[in-house]
Amino acid sequence: LSGENISEVKEALSLCSSEYKKQYEGEEKKDVFVLPEDIGITQKYRDYLSSRGLNAEYVTEKYKLRFTPPFYAYKDSLNMSNCIVFPIYNMKNRPVSFTARTTSSTAVIRYLFPKACDEEEAGKDLGFGHNGITNRDFIVITEGVFDCLKLDSVGIPAVASLGINYNTGFVNTIVKNYKSACVIFDPEPQARK
């Protein structure tokens, strides 16, 4: 501020502030959630999705999938190199969380979530796939995102619970937003239980 007229600076800040207020007056509070970086779908990701029996362009566009670069850390702490990101949308069609699947064949942990203290609860309460459903009369609840996408590819609306340990929030989301649902999990003992 050296050499500047402080009253002019205050006036400029006041004008900026009132313009900002005017622009956002009456709007809902802005979401602060930011999805991981996206490099767009490359041939490597197309091939991976195709190997899972999916039409890469279709699922990418419909579910707004994202793809991370070879060396990438989300919020500088979660290693998300070479991942397909599956955004989780709330019922107002806003992204609130995500799950990601690494395409690395050597990875020990294949599925990643944001840290629990950040967005994981919002994701687990909702599950994946609501933004792809137009008719809410009936859905199938699957464990994982790929099961959900496979069912969608044959015309069956599905939501993934993001694992077998769904919570009360997830059940409430389903009950509030869908008329009926069928749960289809993998045939392993934990899932059957």
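Whatever comes next refers back to the structure up there.
Residues numbered from 1 in each chain as written. Predicted model: local features only at pLDDT ≥ 70, side-chain atom pairs only at ≥ 80, totals over all residues. Heavy atoms only, no water.

Moving on, we get to the overall build of the protein chain. A tally of helices and strands in the protein chain yields seven helices and nine strands. Counting all 193 residues of the protein chain, 37% fall into the buried class. Summarising the internal contacts of the protein chain: among those between residues at least 6 apart in sequence, 56% fall at separations of at least 24. (Helix = DSSP H or I, 4+ residues; strand = E, 2+ residues; numbered from the N terminus. Buried < 20%, exposed > 50% of the residue type's maximum accessible area, 1.4 Å probe, protein only. Contact = heavy atoms within 4.5 Å.)

Take helix α2 (residues 43-51) next. When we look at burial in α2, the residues that qualify are Tyr45, Tyr48 and Leu49. Viewed along the axis of α2, the buried residues span an arc of 95°, placing them on a single side of the element. The secondary structure elements touched by the buried residues of α2 are α3 (56-63), β1 (66-67), β4 (83-89), β5 (95-102) and α5 (145-153). Of the residues trailing α2, Gly53 is marked for its positive phi of about 80°. (Arc of directions from axis to C-beta.)

Tallied over the entire structure, the rule returns three salt bridges. A salt bridge links Glu57 to Arg46, with the shortest nitrogen-to-oxygen separation between them at 2.5 Å. Of the two residues, Glu57 is situated in helix α3 and Arg46 in helix α2; the sequence distance between them amounts to eleven residues. Judged by relative accessible area, which is 26%, Arg46 ranks as partly exposed. Between Lys62 and Asp152 there is a salt bridge whose closest N-O contact spans 2.8 Å. With Lys62 in helix α3 and Asp152 in helix α5, this residue pair connects regions lying 90 residues apart in the sequence. The class of Lys62 is partly exposed, set by a relative accessible area of 27%. With relative accessibility at 8%, the residue Asp152 sits in the buried group. (Salt bridge = Lys/Arg side-chain N within 4 Å of Asp/Glu carboxyl O.)

With that settled, the discussion passes to the nonpolar core. One finds Leu49, Leu65, Ile84, Phe86 and Phe128 to be the most contacted residues of the largest nonpolar core, which totals 24 residues. Contributions of two or more residues to this core are made by α2, α3, β4, α5 and β8 (158-160). A total of five residues in this core trace back to one element, the largest contributor, which is α5. When residues no more than four places from it in sequence are discounted, the contact partners of Phe128 are Tyr63, Leu65, Phe86, Pro87, Ile88, Val145, Cys148, Leu149, Ala158, Val159, Ala160 and Leu162. Core analysis: the second largest hydrophobic core is formed by eleven residues, Phe33, Cys83, Phe98 and Ala100 among them. (Core = buried A, V, L, I, M, F, W, Y, C linked by side-chain atoms within 4.5 Å.)

Looking at the element boundaries, Ser81 is found in the loop between β3 (78-79) and β4. We classify Ser81 as buried; its relative accessible area is 18%. Engagement of the side chain of Ser81 in a polar contact is seen with the backbone oxygen of Pro70, the distance being 3.0 Å. If near-sequence neighbours (up to four positions away) are discounted, Ser81 is found in contact with Thr68, Pro69, Pro70, Phe71, Tyr72 and Thr102. (Polar contact = N/O pair within 3.5 Å; in protein donor to acceptor, adjacent residues only side chain to side chain.)

Bringing the layout of surface pockets into the picture now. In this structure, the largest pocket occupies an estimated 350 Å³ of space. The wall of the largest pocket is formed by 16 residues, among which Tyr111, Glu143, Gly144, Leu162 and Gly163 lie closest to the centre. Counting only elements with at least two residues in the lining of the largest pocket, the list comes to α4 (116-126) and α5. Tallied by class, residues from the lining of the largest pocket come to six nonpolar, four polar and six charged. (1 Å grid on protein atoms, 1.4 Å probe; cavity = no way out; pocket = protein on both sides within 12 Å on 5 of 7 lines; lining within 4 Å. Points joined across faces, edges and corners; volume = space filled by probe spheres on them. Nonpolar A, V, L, I, M, F, W, Y, C, P; charged D, E, K, R; others polar.)

As far as function goes, none of this settles anything; it's purely spatial.
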